[in-house]
Every structure is written in C-alpha cells, then in structure tokens.
Amino acid sequence: GNLVAVFGGAVLCCDPSGKTRWVRRQEWIAPQEDPDWARQYQQPAIAWKDRLLVAQPGVAAVECIDADSGALIWRKVIPGLRRMDGIVDDRLIVESQTGLTALSADKGESIWVHLAGDLLDAQLCGGPGGVVYARREKGPDSTLRPVLVWLDMQTGRPKAYCPLEPLKHAYP
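Now for a look at the structure at hand. (Residues numbered from 1 in each chain as written. Predicted model: local features only at pLDDT ≥ 70, side-chain atom pairs only at ≥ 80, totals over all residues. Heavy atoms only, no water.)

Describing the overall build of the protein
For step 1, the next point in the chain: A count of helical and extended segments in the protein gives 0 helices and 15 strands.
For step 2, the next point in the chain: Across its three principal axes, the protein shows a C-alpha extent of roughly 60 × 40 × 30 Å.
For step 3, the next point in the chain: In the protein, which comprises 172 residues, the proportion classed as buried is 44%.
For step 4, the next point in the chain: Considering only intrachain contacts with a sequence separation of at least 6, the fraction spanning at least 24 residues in the protein is 35%.
For step 5, the next point in the chain: On the protein, roughly 9,200 Å² of surface is accessible, and the fraction owed to carbon and sulfur atoms is 54%.
For step 6, the next point in the chain: Averaged over its 20 positive side-chain charges, the protein has a centre that lies 2 Å from the centre of its 21 negative ones. (Helix = DSSP H or I, 4+ residues; strand = E, 2+ residues; numbered from the N terminus. Buried < 20%, exposed > 50% of the residue type's maximum accessible area, 1.4 Å probe, protein only. Contact = heavy atoms within 4.5 Å. Areas by Shrake-Rupley, 256 points an atom, 1.4 Å probe, with all protein chains shown as cover. Lys, Arg positive; Asp, Glu negative; His and termini not counted. Charge placed at Lys NZ, Arg CZ, Asp CG, Glu CD.)

Given below as structure tokens:
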C-alpha cells in the first residue's frame, strides 16, 4: 500500500496519501568518477517478502531494505553492476559487465557467478526455464548471431544453448 521511488542516489517510501514514511540515501558515485554509470539501468525496486531490493545508476551495489522501516538489511557491492533481472527460487539474479550473479535474496551472499560476455538486453527470470539470457557470438562465417542460454539455477552453468542462426548479421 506504499509508493517507493528510486532516484538520484536515494530511495523514498510514501504512504498512499503522499506522506513520507522514510528516505534512504545510497552510496552514490558521481558520473565523472564512474564513466560506466550510464550502462546501469534505472529500474524500480523489487518487492520480495517484507523487503525491497534496490539498484540504480551511480550506485555500485544492490541493497536489501526493510520495506516498513527503510533499514538496511544487507548491501552487496558488485563491480560493473548493470541491473537486477529478477528473483528465482529466492535467488536475486544480477547482471554486471562480466555476466550474471545469483545472490541469496535473504542474506546477499553470492551463490554462483556465470561469466558471459556481449550480453544483449533480452533476459527472462522465473517460470519453468529459470533464467534465460541472450548474448552475441561469432558464427562460423565471422558474422554475429544472437544465442539463447538457459542456466541451471543451482550451479549457474549453462543447461541449454540455442544459436539463432536466421538472425545472424554484422550487427544483430
């Protein structure tokens, strides 16, 4: 029943009438200090149980915040953080410039890291597939093609792989 806004290095929670319940300032890095900040996605908080999971441009960490009080439960610094993809089996899937990481949504501990380069925007978290992401790879004739990769949620290792050969191009 509350409104949560994530912006400018802050997280704000208001009740339905607009009265501020709490405000939390995050460890924000100025754009001139972090040239890669523009690659981070601006995204809403993810509500999970009685908590909020938050990441935003200029903040090189994922934070887990108590939804009622705004108190910090845990913080996980992730170099090259891009975005939170979603929660699957109580694991928060996070994208960085080096690939995907599964964090315990409860404690923020790293469960696995899946290194993957040249990620595309397409990612899906949840449902029977668990985690599926798209990336580019060089085909046999040196053109690029998108590839879909399904990950095992327990280990982070690929369990299926599907090159989309009809979509190969110099710039897919």
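Next comes the rest of the description.
So, the nonpolar core
For step 1, the next point in the chain: In terms of nonpolar packing, the biggest core is built from 14 residues, with L53, V62, W74, M84, L92 and V94 touching the most fellow members.
For step 2, the next point in the chain: Those elements that place two or more of their residues in this core are β4 (46-48), β6 (61-66), β8 (81-88) and β9 (91-96).
For step 3, the next point in the chain: In this structure W74 touches R51, L53, V62, E63, C64, L92, L103, S104, A105, D106, K107 and G108, once residues within four positions along its chain are discounted.
For step 4, the next point in the chain: A116, L119, V147 and L151 belong to the second-largest nonpolar core, a separate cluster that totals 13 residues. (Core = buried A, V, L, I, M, F, W, Y, C linked by side-chain atoms within 4.5 Å.)

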